[in-house]
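The primary structure of each chain is shown beneath.
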Amino acid sequence: MEELIQLLDEGLPPKGRPGRGSARTRAKLEAFRDRMPAGMHAAGVDLVRSIAWSAPVQAQSLLEWLPDLARILPDEVAEEGIGHAVRISRASVTASYGFLSHLLHVSNALGTGNLGPWVDEGVRLLEQNPSAGRAYFDLHSRTAREGLKRGDETVHLEEIRESLRLYVHGICGRRLEVQSAGEALAGFASGRPWLFPYSDGQGVFLPPAVQAFNSHHENRLFYRILAAHQAGYHESNTFRFGLLAYLERLARHPVLGSWKPDLQRREGQDDFLSDLQVFFHLFPRPGLAQRIFVFVEDGRVDAHLRHRYPGLEADMGPFVEDILARRPAVAGHTLGASLLEILVRISLDPVRKADEVPPGLMQVWRLVADLLAPAFAPEATAEDAAVAATE
């Protein structure tokens, strides 16, 4: 790190000329120089230098992502933000790094011309109580969050991770970590973001932030609903789905009992598949089979939670209504698309009246509701959901 600081102090030689320091360090600084927007490189160097003295790891990281942040933000916001970060770093390197980590969110929340006073308050806190100041710029303090515009109602997972962890433990009786989900889990086929049944066996996965509703309270409550649903997968044994148990149920089915699914491994199929993945591949269109199963299994888990925790139903009700209000109409699609929409709506609210269903699809609605009813019974299992999905 002394090498990095020395190069920052002396400046890089022109490209192509030999200079001091290792090739790797020079390459990092050259990339930083090339990627920083015009006019911001000098301020960026000052910032990295001030942080490098006491936090070398953060300085190295800053070389990687500060140019990206500067390009995402409007030029005037980026320049102002870097200037404030240099100022904050004189009091606390950790606080400066935290400020930059949240600069995009803070600038969006405060709007034009309001960043300076918010930073002034944090610097004042740093001078009086360094610990409180660091919490302020990490957005861990109530003072910091209340200082942001009241119009910003976003709730970040970091704010409530610990309370959600305790909440999940209370529901499923297991110590599971609350983890931030990657984009790969967002907006899955169920049409209900972040509700895809995924597990590594050690945690539940939730979005890094929620801003779906108009108040901070509603977004916090929505986090609890999401956490309860994810915990419900564990408590109701979604991940213990057994292919053999499903096939035994299938053999006893009055209509499907004569179906003999092909259990042979298909060309191009992975060598190691879970029982659920094998189940999806029993069908000619595994992706569609997976979507339908997720719809049904989501409904089963929600029904299980409503039955076991009556108080949760009151919390879930307004959110279910909101989700249904945002769904597309049942009519006006192909029969297959309308059937899937009916399936989603019934899985969200099994006791809902079919007021929005046109007369021509009422019989389809009743048929789907009858097929799903056993999967939504209090004692239903993931295998029952699989049978209903097969039907």
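Up top is the structure these notes are about.
Being a predicted model, the structure only gives us computed values, none of them experimental. (Residues numbered from 1 in each chain as written. Predicted model: local features only at pLDDT ≥ 70, side-chain atom pairs only at ≥ 80, totals over all residues. Heavy atoms only, no water.)

Caption draft 1: The arrangement of the side chain of Arg165 in detail. Relative to the helices and strands, Arg165 resides in helix α11 (residues 157-172). Residue class for Arg165 comes out buried when judged on its relative accessible area of 19%. (Helix = DSSP H or I, 4+ residues; strand = E, 2+ residues; numbered from the N terminus. Buried < 20%, exposed > 50% of the residue type's maximum accessible area, 1.4 Å probe, protein only.)

Caption draft 2: Representation of the pairing of strand β3 (residues 203-206) within the structure. Residues Gly203 and Phe205 point to one face of β3 and Val204 and Leu206 to the other, with burial holding for every one of them. In this structure, strand β2 (residues 177-180) lies alongside β3, joined through four bridges in parallel fashion. Within β3, the position partnered with Ser180 by the bridge is Leu206. (Pairing = 2+ DSSP bridges.)

Caption draft 3: Summary view of the packing of aromatic side chains. Tallied over the entire structure, the rule returns 15 aromatic pairs. Consider the rings of Phe241 and Phe293, whose centres lie 6.3 Å apart with planes at 65°: the pair is edge-to-face. Linking Phe241 in the loop between α12 (216-235) and α13 (243-251) with Phe293 in helix α15 (residues 286-308), this pair joins segments that are 52 residues apart in sequence. Overall, Phe241 belongs to the buried group, its relative accessible area being 6%. What links up through ring pairs into an aromatic cluster is the set Phe241, Tyr246, Trp259, Phe279, Phe280, Phe283 and Phe293. The ring of Tyr167 carries Arg224 above its face, with NZ or CZ at 4.3 Å from the centroid. (Phe/Tyr/Trp six-rings, centres within 6.5 Å; stacked < 30°, edge-to-face > 60°. Lys NZ or Arg CZ within 6 Å of the ring centre and 35° of its normal.)

Caption draft 4: Quick look at a negative patch on the surface. A cluster of like negative charges, contributed by Asp75, Glu76, Glu79 and Glu80, occupies part of the molecular surface. The residue Glu79 is located in helix α5 (residues 75-89) in this model. Taking the relative accessible area as the measure of exposure, Glu79 reaches 46% and is therefore partly exposed. (Patch = residues over 30% accessible without salt bridge, like charges linked within 9 Å, V, L, I, M, F, W, Y side chains within 5 Å. Areas by Shrake-Rupley, 256 points an atom, 1.4 Å probe, with all protein chains shown as cover. Salt bridge = Lys/Arg side-chain N within 4 Å of Asp/Glu carboxyl O. Lys, Arg positive; Asp, Glu negative; His and termini not counted. Charge placed at Lys NZ, Arg CZ, Asp CG, Glu CD.)

Caption draft 5: Broad picture of the environment of Ile72. Among the secondary structure elements, Ile72 is positioned in helix α4 (residues 56-72). Distance from Ile72 to Leu104, taken between C-alpha atoms, is 8.3 Å for residues 32 residues apart in sequence.

Caption draft 6: Region of interest: the pattern of salt bridges. Within this structure, the stated rule accounts for eight salt bridges. Measuring nitrogen to oxygen at the nearest pair gives 2.6 Å for the salt bridge that ties Arg165 to Glu162. Linking Arg165 with Glu162, this pair stays in helix α11, spanning three residues, or about one helical turn. Between Asp384 and Arg249 there is a salt bridge; the shortest N-O distance is 3.0 Å. Linking Asp384 in helix α19 (residues 382-390) with Arg249 in helix α13, this pair joins segments that are 135 residues apart in sequence. Salt bridges sharing common partners tie together Arg327, Glu341 and Arg345.

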